[in-house]
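Take a look at the letters that make up each chain.
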Amino acid sequence: YVSWGYWSSNELQSTVAPIINMWVGGVLTTLDLTTLNGTSYTFNGKVIGTVSTESSSHLINTASSDVKLIFDFGSAYPLNSSSYIRFTANNVQWDLAAANGSSFIDNQAKSFYTPVSTGSSPSAVSLFSGEIKGKFFGSSAQAVGGTFQATSTDDQKAIGAFKAVR
């Protein structure tokens, strides 16, 4: 239903090292998401990405990453606040929790959005800002995929892509 990967380029003359970027894509759902009102779907998956500081960049450990996105269709804020994206990079834990009372679904675009806050993991970095953006894939919304970005209070920056299935 959904795929992802890395792509890179070193065509720019000023680039010392290749620029690494992530992509995620698939066939968007054709399902009218409003027909799911009163239904709850849970999607589980993984992330790819990087965490950067002013002086270094580190790949996210995809194998130990964890995505859990819970959608309560028809509710005022459909991405349940128990939803999260968790990962480690350079031995630093990140826990991006869906901000309570701020998510939305765009049925026409088959997309969703939520700002994030620091999750419940006690040793995770403290977040300053961030967001999760994604789309629904598969004929019956069997998968989600998208991007995330977050900045910690000590100015580390995480960026990546996620995919998850129900």
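Residues numbered from 1 in each chain as written. Predicted model: local features only at pLDDT ≥ 70, side-chain atom pairs only at ≥ 80, totals over all residues. Heavy atoms only, no water.

## Observations regarding the environment of Gly45
Note the following rule: Each helix is a run of H or I in the DSSP string that is no shorter than four residues. Each strand is a run of E no shorter than two, and both are numbered from the N terminus. In this analysis, two residues are considered to be in contact whenever any of their non-hydrogen atoms come within 4.5 Å of each other.
The topology assignment puts Gly45 in strand E3 (residues 40-52). It is 9.9 Å that separates the C-alpha atoms of Gly45 and Thr62, two residues lying 17 residues apart in sequence. Residues in contact with Gly45, not counting those within four places in the same chain, are Ser65, Asp66, Val67, Lys163 and Ala164.

## Quick word on the nonpolar core
This is how the line gets drawn: Nonpolar cores were defined as sets of buried Ala, Val, Leu, Ile, Met, Phe, Trp, Tyr and Cys residues, with membership established by side-chain atoms within 4.5 Å. Each residue is assigned to one of three classes by its accessible area relative to the maximum for its type, calculated with a 1.4 Å probe on protein chains only: buried under 20%, partly exposed between the two thresholds, exposed over 50%.
Core analysis: the largest hydrophobic core is formed by 31 residues, its most contacted members being Phe87, Phe148 and Phe162. Put simply, the parts of the chain that give this core at least two residues each are E3, strand E5 (66-72), strand E6 (84-89), strand E7 (92-98), strand E9 (111-118), strand E10 (127-137), strand E11 (143-152) and strand E12 (157-165). Looking at which element gives the most residues to this core, the answer is E3, with four residues.

## Focus on the confidence of the model for the chain
To be explicit about the condition: For every residue, the pLDDT score states the predictor's confidence, bounded by 0 at the bottom and 100 at the top.
Confidence in the prediction of the chain, expressed as mean pLDDT, is 91, and 92% of residues score 70 or more. Here strand E1 (residues 2-9) stands out as the element of the chain with the lowest mean pLDDT, 80, in contrast to E5, whose mean of 97 is the highest.

## Topic: unusual backbone geometry
The phi torsion at Asn90 lies on the positive side, around 55 degrees, for a residue other than glycine. Exposure remark for Asn90: the relative accessible area of 47% places this residue in the partly exposed category.

## A few points about the pairing of E5
Our working rule: Strands are labelled as partners when DSSP assigns at least two bridges between them.
Of the pairings in the sheet, the one linking E3 to E5 comprises six bridges and is antiparallel in character. Bridging across to E5, Thr42 finds its partner in Ile70.

## So, the packing of aromatic side chains
The criterion, for reference: Ring pairs are drawn from Phe, Tyr and Trp, using the six-membered ring of Trp, whenever the two centres fall within 6.5 Å, and their geometry is named by plane angle: stacked under 30 degrees, edge-to-face over 60, tilted for the rest. Two conditions define a charge sitting above a ring: the NZ of Lys or the CZ of Arg must be within 6 Å of the ring centre, and it must be within 35 degrees of the ring normal.
Applying the stated criterion across every chain yields a total of 13 aromatic pairs. Ring centres of Phe71 and Phe112 lie 4.9 Å apart, and the angle between their planes is 75 degrees; on these two criteria the pair is classed as edge-to-face. Placement of Phe71 in strand E5 and of Phe112 in strand E9 is noted, with a sequence separation of 41 residues between them. Of the two residues, Phe71 and Phe112, both sit in the buried class. An aromatic cluster is defined as three or more aromatic residues linked by ring pairs; in this entry it consists of Tyr41, Phe43, Phe71, Phe73, Phe112, Phe136 and Phe162. The ring of Tyr84 carries the charged tip of Arg86 above its face, separated from the ring centre by 3.6 Å. The ring of Tyr41 carries Arg166 above its face, with NZ or CZ at 3.9 Å from the centroid.

## Let's talk about the side chain of Ser152
The condition that has to hold: Residues adjacent in sequence count toward polar contacts only when both atoms are side-chain atoms; beyond that, a polar contact is any pair of N or O atoms within 3.5 Å, and within protein one must be able to donate a hydrogen and the other to accept it.
Position of Ser152 relative to the elements: it lies in strand E11. Here the side chain of Ser152 touches Asp154 through a polar contact of 2.3 Å, side chain to side chain. In this view, Ser152 contacts Trp94, Val125, Ser126, Leu127 and Phe128; residues no more than four positions away in its chain are not counted.

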